[in-house]
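Observations on chain architecture
Letter by letter, the chains look like this.
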Amino acid sequence: MQRVVFANSWSRFFADFDVGMFDDFFERLAADARGGNSRRNVASFSLGPDSQKKTFFIKRFFRPHLKDVLFAWQNVGESCSQGRYEWESARFLIDNGIDSYRPVCYGEQRKWGVETKSFVVTEELQAECLSDFVGRKWNAMERSQQVEIVASLGAFVRRIHVLNVSLPDLYVYHIYIAENAPGKYDFAVIDLHRMSRNVTNNNQKLRNLGRLHHSMLDDYFDNELKRLLIKSYAAGDPDDDAATLISQIEKHSNTVSAKRRKKAY
C-alpha cells in the first residue's frame, strides 16, 4: 500500500507537473540524491519556469529500524512512518512559534502494515545554514553583532525547551539563520526525525545544548561566546543558575567531543 498526503493546495501544484504518486517523488524527483546512509538521504529538486521556480527538499527513509518505529509510535501515539513523523514534528514546531522547514507532503509505502519506505518533502527555507553563515561572515563581524546572534540563539533554544521538546541533533549545521531587520536575526531548526515531545527531563534537554556547544567551533566561538549562549538560555527561567548550567553543559559537550575523537581513531 502506498499513499501521499499533501498540505494545503500542494496537490494541485504537483499535478501540473504530473507528480502525485509515491514513486514520482521517491524515485523520479529524488533521483539525484547523494550522501546520507543506507537508512535515509536527502535531495533537492526544482519545478516550474525560472520566473516561478520553486525549490524543495525530499528526505527519503529506507527500511526503518524497529527502534525508530517504536520511537515514532511513542511520540505520536499510533503507528507512524518516518516520513510522516518528520512532517508531524515540523508542523508541531511551526504551530508553536518555532520556525522549521515548511512541510509540503509526505508519502509512505507499507507491506503487511509495516513501513518499508517513506519520504517527506519540504519547501526551501528562506534562510542560510548557520554553519555556512558563520564561515562566510563571522570573522568580519563586529563583536556586538556576534554577541547579539549568540544571545538570540540561546533564547531560541529555551523557547524550544519550554515546549518540552528535545532535539538530540541540535548542531550548528541544523540551525538556519535569517536577518529580519538590520542586526536582528531569526532562527529555524531542521533534521527532526529524532525529535521527542513531552520531555520533562531537564538533563535530556541539557544534552541538546551540550551537542550545540560541541558544534560551535573554537575557530569562531571563544569561551566567552559559548558561555553567553548558556547564560542567555538560563535567562529564560529565573530558577536557573547560570554557573551551574555552564558546568553541566560543558560536561555534556566534552563527552560528545570525546566520543567523536574516539570514533576518529
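One structure accompanies this document, and this report is about it. (Residues numbered from 1 in each chain as written. Predicted model: local features only at pLDDT ≥ 70, side-chain atom pairs only at ≥ 80, totals over all residues. Heavy atoms only, no water.)

1. Considering the overall build of the chain
- Looking only at helices and strands, the chain has nine helices and nine strands in total.
- The C-alpha radius of gyration computed for the chain amounts to 20 Å, which stays within 12% of the reference 18 Å derived for 265 residues, consistent with globular compactness.
- Across its three principal directions, the C-alpha atoms of the chain cover 55 × 45 × 40 Å.
- Buried positions account for 45% of the 265 residues belonging to the chain.
- For the chain, the proportion of contacts with a sequence separation of at least 24, taken over those separated by at least 6, is 64%.
- Put simply, the chain shows about 14,100 Å² of open surface, and 47% of that area lies on carbon and sulfur atoms. (Helix = DSSP H or I, 4+ residues; strand = E, 2+ residues; numbered from the N terminus. Rg over C-alpha atoms; globule rule 2.2 N^0.38 Å. Buried < 20%, exposed > 50% of the residue type's maximum accessible area, 1.4 Å probe, protein only. Contact = heavy atoms within 4.5 Å. Areas by Shrake-Rupley, 256 points an atom, 1.4 Å probe, with all protein chains shown as cover.)

2. Topic: the packing of aromatic side chains
- A full pass over the atoms with the stated rule returns 21 aromatic pairs.
- For the pair F14 and F25, a centre-to-centre distance of 5.2 Å together with 65° between the ring planes defines the contact as edge-to-face. Here F14 is found in helix α1 (residues 10-15), whereas its partner F25 is found in helix α2 (residues 22-29), with eleven residues between them in sequence. F25 carries the same exposure label as F14, and that label is buried.
- The interplanar angle of 15° and the centroid separation of 5.2 Å between the aromatic rings of Y171 and Y173 together place this pair among those described as stacked.
- Judged by its relative accessible area of 6%, Y171 falls in the buried class.
- Of the aromatic side chains, those joined through ring pairs into one cluster are F6, W10, F13, F14, F17, F22, F25, F26, F45, F56, F62 and F119.
- Taking NZ or CZ as reference, R60 lies 5.0 Å from the ring centre of F26, over its face. (Phe/Tyr/Trp six-rings, centres within 6.5 Å; stacked < 30°, edge-to-face > 60°. Lys NZ or Arg CZ within 6 Å of the ring centre and 35° of its normal.)

3. Points about the sheet that holds strand β3 (residues 54-62)
- Taken in spatial order, the five strands of this open sheet run β1-β5-β6-β3-β2, and their pairing is antiparallel. Whereas interior strands pair on both sides, the edge strands pair on one side only; in this sheet they are β1 (2-6) and β2 (40-47). Shown here is a sheet whose adjacent strand axes are inclined to one another by a mean of 15°, direction ignored.
- As defined by bridge partners, β1 adjoins strand β5 (residues 103-111) across five bridges and the pair is classed as antiparallel. Looking across to β5, one finds that V4 is bridged to G107.
- Packing against the sheet, α2 makes contact with β1, β2, β3, β5 and β6 (114-123), and its axis sits at approximately 75° to β6. (Pairing = 2+ DSSP bridges. Axes fitted to C-alpha atoms, helices over the stretch in contact; angles between N-to-C directions.)

4. A closer look at the nonpolar core
- If you look at the biggest cluster of nonpolar residues, it comprises 42 residues, and the most contacted ones within it are F133, W138, V189 and L212.
- Going through the elements one at a time, α4 (82-95), α5 (130-137), α6 (143-162), β8 (175-181), β9 (184-189), α7 (202-215), α8 (223-234) and α9 (242-264) are the ones with two or more residues in this core.
- When neighbours within four sequence positions are excluded, F133 is seen to be in contact with E128, W138, M141, I149, I177 and Y185.
- In terms of nonpolar packing, the next biggest core, distinct from the first, is built from 25 residues, F14, F45, W87 and F119 among them. (Core = buried A, V, L, I, M, F, W, Y, C linked by side-chain atoms within 4.5 Å.)

5. Examining empty space enclosed by the protein
- Going through the model one piece at a time under the given rule, you end up with one cavity of 30 Å³ or more.
- The space that makes up the largest cavity amounts to roughly 40 Å³.
- As for the largest cavity, its lining consists of L130, W138, I149, V150, L153, V172, M216 and F221.
- Residue contributions to the lining of the largest cavity peak at three residues, all from α6.
- Among the residues forming the lining of the largest cavity, the class breakdown is eight nonpolar, no polar and no charged. (1 Å grid on protein atoms, 1.4 Å probe; cavity = no way out; pocket = protein on both sides within 12 Å on 5 of 7 lines; lining within 4 Å. Points joined across faces, edges and corners; volume = space filled by probe spheres on them. Nonpolar A, V, L, I, M, F, W, Y, C, P; charged D, E, K, R; others polar.)

Fair warning: the whole summary comes from geometry, so function is off the table for now.
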